Amino acid sequence: MDRDKTPALRVQQTSWDLSPLFASDSDPRIEEERKLVKRKSYAFINAWKDRTDYLEDPVALREALDQYESWKRRYGTDGDEGYYFWLRTQQDQNDPKLKAGFNKVDEFSKKLENEVQFFYLRIARIKPEFQQQFLSHAGLAKYRHYLERIFAEARYHLSEPEEKILNLKSATSSSNWTKMVNGFLSQEERLVLTEEGERKKLPFSAIAGLMSSKKKRVRDTAATAFNEILAKNVEAAEAELNSVFANKKIDDELRGAARPDALRHLADDIESSVVDSLIASVSTRFAIPARYYALKAKLLNVKKLAYHERNVEYGEISKRYPYGKSVRLVHTVMGKLDPEFAAIFAGFVQNGQIDAYPKKGKDSGAFCIYHQMTRPTYILLNHTNKLHDVLTIAHELGHGINNELIKKKQHALDFGTPTSTAEVASTFMEDFVLEEVMRSADDEQRLAIMMQKLNDDVSSIFRQVACYRFEQELHGDFRKKGYLSKEEIGKLFQKHMAAYMGKAVEQSAGSEHWWVYWSHIRYFFYVYSYASGLLISKSLQNSVKQDPAFILQVKEFLSAGLSDSPKNIFSRLGIDISDRRFWDRGLDEVEKLLNETEKLAKKLGKMKK
Ligand SMILES: [Zn+2]
């Protein structure tokens, strides 16, 4: 008998089985669960709220953390009830009964959260002379990095009343400005050409979508309207950004942050030296995106791409991927990588942890979600048989595998991933599945798929790094000059965009205002995490391709959760992520794909001119 290593997976259940939580929306156990959560939470609160010994005695702190951890592992502030109703509202967003169910438990949970937060707030205020002693105490080794994270953030905390004032003032000095400009933009409408060839008045967000249309007239009229809207609102945005930057500068000075991006790195549990080496490595390879855009211009038969045309798709990916076929494809790829990956996926599919198809009222995106670590992971999809949907399965499964591996190795206080590496597992699985897909595609299809893949990589890696450098210079200049005019901001913006796009993309008239709507720069320096996640993933892919046994190290990393900083986790695996060569290996993967794409385009006779 001929036996495949990974037996074919049967797909029977295509919607969530929530029975590990409750039998139905009116399960009488919901009521009991609420009472149980309340009882368990107050057992913890009442045991510790009047004690202070745990702030000075490591043995007492260990006892408190053990109790806190086991409460969090199973109950938290909302137990199964919160998880259940949140999941149900994603399945049906229009049912007011579900909304009410969720709101009720949410209110209950927030109240409990207020009661229980004394615990970690007090730990944050443990005197520095005790902190070192606690961190090196053998009995607290299990919670060392949890404590390190709290202590590290606490160093930048001001006194309680000062924090309160900053908090109360933050809306009027920053976020209200951003909301205002956003509000102005979303009210704008213009007459544009639709995909169907009609002239129609459309709102700002719909116009933005039309700028990547394959029809030149459609995208050009959309871009004209888009630029007009930005130009009209540029003065408000100038005032907004200057206020937002001033507020950020004041906060940083009060807290004693050494550089504008320092608190972002701290919150993401990543050393500034690691981010610096990522940014340096990527920005010396800007020739990669420049070559990509030159190739795209050739394939689209134009001399230069206008600024708004850089995301226009090349070719058509017509092959269909029904759900069952997609699941089997992903399962095979997982089996080749590691049997445990395939087993986790099989569990998700067979135990009703995946909600696969679009339904009326259902959330329109895709996600992978977990809550208390003792409860199942759930994945939501909206499968419509496109290639993109296959990759979405792989992506969300990556998050799911990541969760399951952490569950096996870590305690509840380290259950999670830092922002800087949250997308490693997802993009890792996605890229391996894409490679399998390409193996069975014909040349024309492959070229279209590769161009699309490169477009995604360029946007996630090079564009975000260019944006990061734009932000660095913005904050630097603002702090030197005290005010930045819209012309100065526009000039900086174009300088950094031109740096990675190269000569094949025009910095067209009007594009100097595109920072007006770019929301990233209002939330400071988090864009590096798109690049770090994907490049760590690519660097690991590169190592696995060279030596399949390296997957064991990948699993070690994926099991680590929040138990240490990414730098330390990798360093235990013999990898130094503050070394530029680590990032270069990831970039080599992108360059390899670009080389192959250029070769294929040539082979198909598309590079004649
Ligand atoms: Zn993701």
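This text follows the structure it describes.
Anyway, here's the lowdown on the structure attached to this text. (Residues numbered from 1 in each chain as written. Predicted model: local features only at pLDDT ≥ 70, side-chain atom pairs only at ≥ 80, totals over all residues. Heavy atoms only, no water.)

Describing the overall build of the chain
No. 1: A count of helices and strands for the chain gives 23 helices and five strands.
No. 2: In summary, the chain has a C-alpha radius of gyration of 26 Å against a globular reference of 25 Å for 609 residues, a match within 12%.
No. 3: The C-alpha extent of the chain, read off along each of the three principal axes, is 75 × 75 × 55 Å.
No. 4: With 94 positive and 87 negative side-chain charges, the chain shows a separation of 4 Å between the mean positions of the two kinds. (Helix = DSSP H or I, 4+ residues; strand = E, 2+ residues; numbered from the N terminus. Rg over C-alpha atoms; globule rule 2.2 N^0.38 Å. Lys, Arg positive; Asp, Glu negative; His and termini not counted. Charge placed at Lys NZ, Arg CZ, Asp CG, Glu CD.)

A short note on the nonpolar core
No. 1: Formed by 135 residues in total, the largest nonpolar core has its most connected members in M334, V433, F462 and W515.
No. 2: For W515, the contacting residues outside a window of four places in its chain are V234, A237, E238, L241, F470, K486, I489, G490, F493, I521 and R522.
No. 3: By size, the runner-up hydrophobic cluster in this structure holds 32 residues, among which are L55, F118, F134 and Y143. (Core = buried A, V, L, I, M, F, W, Y, C linked by side-chain atoms within 4.5 Å. Buried < 20%, exposed > 50% of the residue type's maximum accessible area, 1.4 Å probe, protein only. Contact = heavy atoms within 4.5 Å.)

Examining the coordination of the zinc ion
No. 1: Taken together, the protein donors to the zinc ion comprise H395 (NE2), H399 (NE2), E423 (OE) and E423 (OE), at separations of 2.1 to 2.6 Å.
No. 2: Of note is the zinc ion, whose four donor atoms meet at the metal with angles of 52 to 140 degrees in an arrangement that counts as irregular.
No. 3: Each donor residue of the zinc ion belongs to the same chain, and together they define the spacing H-x3-H-x23-E. Of this pair, H395 sits in helix α16 (residues 387–409) while E423 is found in the loop between α16 and α17 (424–439), placing the two residues 28 residues apart along the sequence. (Donors = N, O, S within 2.8 Å, 3.2 Å for Na, K, Ca; no water. Tetrahedral: all angles 85-135°; square planar, octahedral: opposite > 155°, others 65-115°.)

As for the pairing of strand β2 (residues 199–203)
Side chains on a regular strand alternate between the two faces of the sheet.
No. 1: Bridge analysis of strand β1 (residues 189–193) against β2 gives five bridges, and the strand direction is antiparallel. In the strand pairing of β2, L191 is matched with K201. (Pairing = 2+ DSSP bridges.)

Some details on the packing of aromatic side chains
No. 1: Under the definition given, this model contains 38 aromatic pairs.
No. 2: Where Y468 meets Y528, the ring centres are 6.2 Å apart and the plane angle is 85 degrees; that geometry is what we call edge-to-face. Of this pair, Y468 sits in helix α18 (residues 443–481) while Y528 sits in helix α20 (residues 528–546); the two residues are 60 residues apart in sequence, bridging distant segments of the chain. Here Y468 matches Y528 in class, with each residue buried.
No. 3: Ring geometry for F493 against W518: centres 5.8 Å apart, planes inclined by 90 degrees, an arrangement best described as edge-to-face. With F493 in helix α19 (residues 486–501) and W518 in the loop between α19 and α20, this pair connects stretches of sequence that are 25 residues apart.
No. 4: F493 sits in the buried class, given a relative accessible area of 0%.
No. 5: Chaining the aromatic ring pairs together yields one cluster made of F204, F226, Y307, F470, F493, W514, Y517 and W518.
No. 6: One Lys or Arg, K248, reaches over the ring of F524 and ends 5.2 Å from the middle of that ring.
No. 7: Lying across the ring of Y307, R310 places its NZ or CZ 4.8 Å from the centre. (Phe/Tyr/Trp six-rings, centres within 6.5 Å; stacked < 30°, edge-to-face > 60°. Lys NZ or Arg CZ within 6 Å of the ring centre and 35° of its normal.)

Brief notes about the layout of surface pockets
No. 1: Of the voids in this model, the second largest pocket is the one considered here, and its volume is about 980 Å³.
No. 2: Lining the second largest pocket are 34 residues; nearest its centre among them are E163, L166, S170, D251 and R255.
No. 3: For the lining of the second largest pocket, the secondary structure elements donating two or more residues are α8 (160–187), α10 (216–255) and α11 (262–267).
No. 4: The element contributing the most residues to the lining of the second largest pocket is α8, with 13 residues. (1 Å grid on protein atoms, 1.4 Å probe; cavity = no way out; pocket = protein on both sides within 12 Å on 5 of 7 lines; lining within 4 Å. Points joined across faces, edges and corners; volume = space filled by probe spheres on them.)

Observations regarding the sheet that holds strand β4 (residues 367–369)
No. 1: The three strands are arranged β3-β5-β4 in an open sheet whose pairing can be described as mixed. Each edge of the sheet is formed by a strand with only one pairing partner; in this case those strands are β3 (354–355) and β4.
No. 2: As judged from the three bridges shared by β4 and strand β5 (residues 378–380), these two strands associate in the antiparallel manner. Bridging from a neighbouring strand, F367 pairs with L380 of β5.
No. 3: Here helix α3 (residues 79–91) sits on the sheet in contact with β3, β4 and β5, set at roughly 165 degrees to β4. (Axes fitted to C-alpha atoms, helices over the stretch in contact; angles between N-to-C directions.)

Comments concerning the packing of α10 against α18
No. 1: One way to put it is that α10 packs onto α18 with a least axis distance of 10 Å and a crossing angle of 80 degrees. Overall, the two elements α10 and α18 adopt an arrangement that is roughly perpendicular. Where α10 approaches α18, its residues N242, F245, A246, K248, K249 and D252 are matched on the opposing element by L474, H475, F478 and R479.
No. 2: For the contact of α10 with α18, the class distribution of residues is four nonpolar, two polar and four charged. (Parallel < 35°, antiparallel > 145°, perpendicular 65-115°, else oblique. Nonpolar A, V, L, I, M, F, W, Y, C, P; charged D, E, K, R; others polar.)

Overview of empty space enclosed by the protein
No. 1: Here the structure, examined in full by the defined rule, presents two cavities of 30 Å³ or more.
No. 2: Approximately 80 Å³ is the volume attributed to the largest cavity.
No. 3: In terms of lining residues, the largest cavity is bounded by N402, T417, P418, T421, F557, L558, G561, D564, P566 and I569.
No. 4: When contributions to the lining of the largest cavity are tallied by element, the ones reaching two or more residues are α21 (551–559) and α22 (566–572).
No. 5: Among the residues making up the lining of the largest cavity, the classes are represented as five nonpolar, four polar and one charged.
No. 6: Approximately 30 Å³ is the volume attributed to the second largest cavity.
No. 7: Surrounding the second largest cavity, Y292, K296, N311, V312, E313, Y314, M451, Q452 and N455 form its lining.

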